[in-house]
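A closer look at the structure
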Amino acid sequence: MSANSVYLAYLVAAVLFILTLKGLSSPMTSRRGNMFGMIGMAIAVLTTLSLTHNVGLIVLAILVGGTVGSVVARRVEMTQMPEMVAAMHSLVGLAAVLVAMAAFNNPVAYGIALPGEMLHSSNRIELFIGTFVGAITFTGSIIAFLKLSARLSGKPLRFAGQHWLNLGLGISMLGFGIAFFLSPSWTPFLIMTAIALLLGVLLIMPIGGADMPVVISMLNSYSGWAAAGIGFTLNNNMLIIAGSLVGSSGAILSYIMCRAMNRAFLNVILGGFGGGEAAAASDDGVQKTYRSGSADDAAFLMGNADSVIIVPGYGLAVARAQHAIKEMSNALTSKGVKVRYAIHPVAGRMPGHMNVLLAEAEVPYDQVVEMDEINNEFADTDVVLVIGANDVVNPAAKNDKSSPIYGMPILEVHKARTVLVVKRSMATGYAGLDNDLFYMDKTMMVFGDAKKVVEDVIKALA
Amino acid sequence: MSGVVDPFVMNLTVFVLAIFIGYHVVWNVTPALHTPLMAVTNAVSGIIIVGAMLAAKPEEMDIGTILGLVAVALAAVNVFGGFLVTQRMLSMFKKKGK
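Residues numbered from 1 in each chain as written. Chains lettered and ligands numbered in written order. Predicted model: local features only at pLDDT ≥ 70, side-chain atom pairs only at ≥ 80, totals over all residues. Heavy atoms only, no water.

1. Remarks on the packing of helix 9 (residues 237–260) of chain A against helix 1 (residues 7–27) of chain B
For the pair helix 9 of chain A and helix 1 of chain B, interaxial distance at closest approach is 8 Å and the crossing angle is 40°. Taken together, the axis directions place helix 9 of chain A and helix 1 of chain B in an arrangement best described as oblique. With respect to the hand of their crossing, helix 9 of chain A and helix 1 of chain B are arranged in right-handed fashion. In this structure, helix 9 of chain A uses A:Asn237, A:Ile240, A:Ile241, A:Ser244, A:Leu245, A:Ser248, A:Ser249, A:Ile252, A:Tyr255, A:Ile256 and A:Arg259 to contact helix 1 of chain B, whose residues at the interface are B:Asn11, B:Val14, B:Phe15, B:Ala18, B:Ile19, B:Ile21, B:Gly22, B:Tyr23, B:Val26 and B:Trp27. Its residues placed into classes, the contact of helix 9 of chain A with helix 1 of chain B shows 14 nonpolar, 6 polar and 1 charged. (Axes fitted to C-alpha atoms, helices over the stretch in contact; angles between N-to-C directions. Helix = DSSP H or I, 4+ residues; strand = E, 2+ residues; numbered from the N terminus. Parallel < 35°, antiparallel > 145°, perpendicular 65-115°, else oblique. Left-handed = near helix turned anticlockwise from the far one by under 90°. Contact = heavy atoms within 4.5 Å. Nonpolar A, V, L, I, M, F, W, Y, C, P; charged D, E, K, R; others polar.)

Structure (structure tokens):
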């Protein structure tokens, strides 16, 4: 294949990738979009395959990796999506580092240097950038994976002088990068890579808890930039375009997640929150009273309402109550009650997680409404059922300027006529804050395991 | 103006334009599909497989080609895993009464 036809094929693949993302603007077009993505990738891979000499070995490697990927994709549970995505980011990071090493080892084979020539100086900078972004993505995503799969404590891990250590490491990494630029050899390259690997660990360790959705979006972005960086090194447009699409997608998701928590991106990256320190919430010593009721009471209230909005949080998924809640809403719908679900952007552990969990339970997506669209409707709603959510419905975010979550956009469930809250106990949520919603006159607490409570409600409705 | 345009400048042009496209397309993604978006971008970032295949290209095997082959396998996990899990998720999103 001539270089021109290769690049034209890459262009077709790039357009298909753009259509893939465009398809996700609605569930209806999304499946076709995903198909475009597969075709685009097939075009890119087959085109590149025609350029190589080791076709047999490469196909074998693809089969090995492809089998692993297919099995994981089939078996993974929807609650485990964040872990799977984090694990996959790490693979891209590692692959980027390996490709960079191979490029440095034999630049002639990539056509980025003539035989006997050294790697060009501009390629060295790009190689440096691609490698360190890849290395940080690799180890950072491993830490994120371990935290999300609870193999490592989800709590932020912090120690004194952490930022200075990171800054020092960053500067020395840059130093070895410059050394590599001045005289390209393995020693500065490998030291620089090792420092980047260490930095990946140190940067993600202090972040945890409620900030995980930001971390995972950020690493998504990094994995794209790593691919784009390698694209610069290899003068390969395919890698640059696909990498940039992924990079900007992850960056936008990070921004959306930060906005949904009213947090500055830099603040999240530097760690903190999501554990411990915010816990010094206002405890004015006054014994506050709350009303509690049974599942039967809840069933009665909901069964006689005209409209019910369900606010699910991650606690719902933990209790594996998605299917039960779907049954409950069916029972309510058959009694003529209008049922909808309200989703906060940070419900779940990654962007859009709760939507997937509800879709898995066969909740029709047109019943599932995003925060901005449904917030005006709470005032006209008879009953709101909050289940497994806490901070995202805390009115302090709107009313209490001294609250650590003040300014965070919330689902305004306190405006509804009646609020039912299903919780295990009066314990606080991620942010460690008490929730005034629980003590309002219109609120009834229903204590117990989410799944058990919902099943009891279904029985009472029958 | 004279001389040949440096490849870096061409790369930068493509890079900046691709970011613009990505920015506009991703803002149009419905929040309900943010998890599938992440899964599919995982698959798309598997495009590093192209670089890995080029690393594994030379006939003579050396450390570079071996690294390339390993990278091909790693990226293939992403490509297959990413697209298939996205397909699986998207097939769950159904409208009422279907």
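There is more to say, and it comes next.
2. Section: the interface of chain B and chain A
With 79 residues of chain B at the interface, the matching set in chain A holds 101 residues. Across the interface of chain B and chain A, roughly 8000 Å² is buried in total on both sides, 77% from carbon and sulfur atoms. At the boundary of chain B with chain A, the tally comes to 0 salt bridges. Inspection of the region where chain B meets chain A yields 17 residue pairs in polar contact (both at pLDDT 80 or more). At the level of secondary structure, the elements contributing two or more residues to the side of chain B that touches chain A comprise helix 1, helix 2 (34–45), helix 3 (48–55) and helix 4 (63–90) of chain B. By residue number, the principal contributor to the side of chain B that touches chain A is helix 4 of chain B, which donates 25 residues. (Buried area = accessible area lost by both parts, 1.4 Å probe. Salt bridge = Lys/Arg side-chain N within 4 Å of Asp/Glu carboxyl O. Polar contact = N/O pair within 3.5 Å; in protein donor to acceptor, adjacent residues only side chain to side chain.)

3. Overview of the environment of A:Glu77
Structurally, A:Glu77 can be placed in the loop between helix 3 (55–75) and helix 4 (81–105). Within polar-contact distance, the side chain of A:Glu77 engages the side chain of A:Arg320 at 3.3 Å.

4. Section: the side chain of B:Thr65
Within the secondary structure, B:Thr65 is located in helix 4. Contact partners of B:Thr65, with chain neighbours within four places excluded, come to A:Asn54, B:Ala55, B:Ala56, B:Pro58 and B:Glu60.

5. A look at the packing of helix 1 (residues 3–23) of chain A against helix 1 of chain B
Contact geometry of helix 1 of chain A with helix 1 of chain B gives a least axis separation of 8 Å together with a crossing angle of 25°. Considering the angle they form, helix 1 of chain A stands roughly parallel to helix 1 of chain B. Classified by chirality, the crossing of helix 1 of chain B by helix 1 of chain A is right-handed. Seen from helix 1 of chain A, the contacting residues are A:Ile18, A:Leu21 and A:Lys22; seen from helix 1 of chain B, they are B:Ile21, B:Val25 and B:Val26. Partitioning the contact of helix 1 of chain A with helix 1 of chain B into residue classes produces 5 nonpolar, no polar and 1 charged.

As far as function goes, none of this settles anything; it's purely spatial.
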